[in-house]
Amino acid sequence: MIDGRIVLPVQDCSHTYGGAIRPLTMTVLTTEAFSAEVGDALVAPASCAPFVEGLHTLAAAGPVTLVDMKRTELSLHGLSIEAVREVRKLGRAIRTRASARG
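Notes on the structure in this doc start here. (Residues numbered from 1 in each chain as written. Predicted model: local features only at pLDDT ≥ 70, side-chain atom pairs only at ≥ 80, totals over all residues. Heavy atoms only, no water.)

### Things to note about the pattern of salt bridges
Here's step 1: Tallied over the entire structure, the rule returns 3 salt bridges.
Here's step 2: With its nearest N and O atoms 2.5 Å apart, the salt bridge here joins E82 to R85. Of the two residues, E82 and R85 are both situated in helix α1 (residues 76-101); the distance of 3 residues between them amounts to about one turn of the helix.
Here's step 3: According to the relative accessible area criterion, E82 is partly exposed, its value standing at 37%.
Here's step 4: With a relative accessible area of 39%, R85 lands in the partly exposed category. (Salt bridge = Lys/Arg side-chain N within 4 Å of Asp/Glu carboxyl O. Helix = DSSP H or I, 4+ residues; strand = E, 2+ residues; numbered from the N terminus. Buried < 20%, exposed > 50% of the residue type's maximum accessible area, 1.4 Å probe, protein only.)

### Some details on the layout of surface pockets
Here's step 1: Looking at the largest pocket, its volume works out to about 200 Å³.
Here's step 2: H15, T16, Y17, K70, T72, E82, R85 and K89 are the residues that line the largest pocket.
Here's step 3: The greatest single-element share of the lining of the largest pocket, amounting to 3 residues, is contributed by α1.
Here's step 4: The residue inventory of the lining of the largest pocket, partitioned by class, reads 1 nonpolar, 3 polar and 4 charged. (1 Å grid on protein atoms, 1.4 Å probe; cavity = no way out; pocket = protein on both sides within 12 Å on 5 of 7 lines; lining within 4 Å. Points joined across faces, edges and corners; volume = space filled by probe spheres on them. Nonpolar A, V, L, I, M, F, W, Y, C, P; charged D, E, K, R; others polar.)

### With respect to the state of the cysteines
Here's step 1: A complete count under the given rule lists 0 disulfides for this structure.
Here's step 2: No disulfide involves C13; its nearest neighbouring cysteine sulfur is the one of C48, lying 19 Å away. (Disulfide = S-S within 2.5 Å.)

### A short note on the sheet that holds strand β3 (residues 34-38)
By way of backbone hydrogen bonds, the strands of a sheet pair with one another, either parallel or antiparallel.
Here's step 1: Read across the sheet, 3 strands follow the order β1-β2-β3 without closing on themselves; strand pairing throughout is antiparallel. The open sheet has two edge strands with one neighbour each: β1 (7-12) and β3. On average, each strand axis in the sheet is inclined to that of its neighbour by 35°, with strand direction left out of account.
Here's step 2: Alignment of strand β2 (residues 20-29) against β3, held across 5 bridges, turns out to be antiparallel. Bridge pairing in β3 links V28 to S35. (Pairing = 2+ DSSP bridges. Axes fitted to C-alpha atoms, helices over the stretch in contact; angles between N-to-C directions.)

What follows is the structure, given as structure tokens:
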């Protein structure tokens, strides 16, 4: 709670899975209505290198706040996953263009 409002940390995966955390501030929370505002992205500071590729989790544990920071290492397995992901994206783009042409 901040200033009497419920604030939840939510993942921002707009660029990459677990890329950032954004605060979701509930402005209206009743049995009839819900409204919330999404705040600016919280990103890992440069001083946390090499764990600066994202923030995945923010959790309270008593007097301590836990943050799960992201670091990616290249491996053959990781590269194969990325290759498959990119091929799938290309396939979707091709199908979308083909269906738009009719």
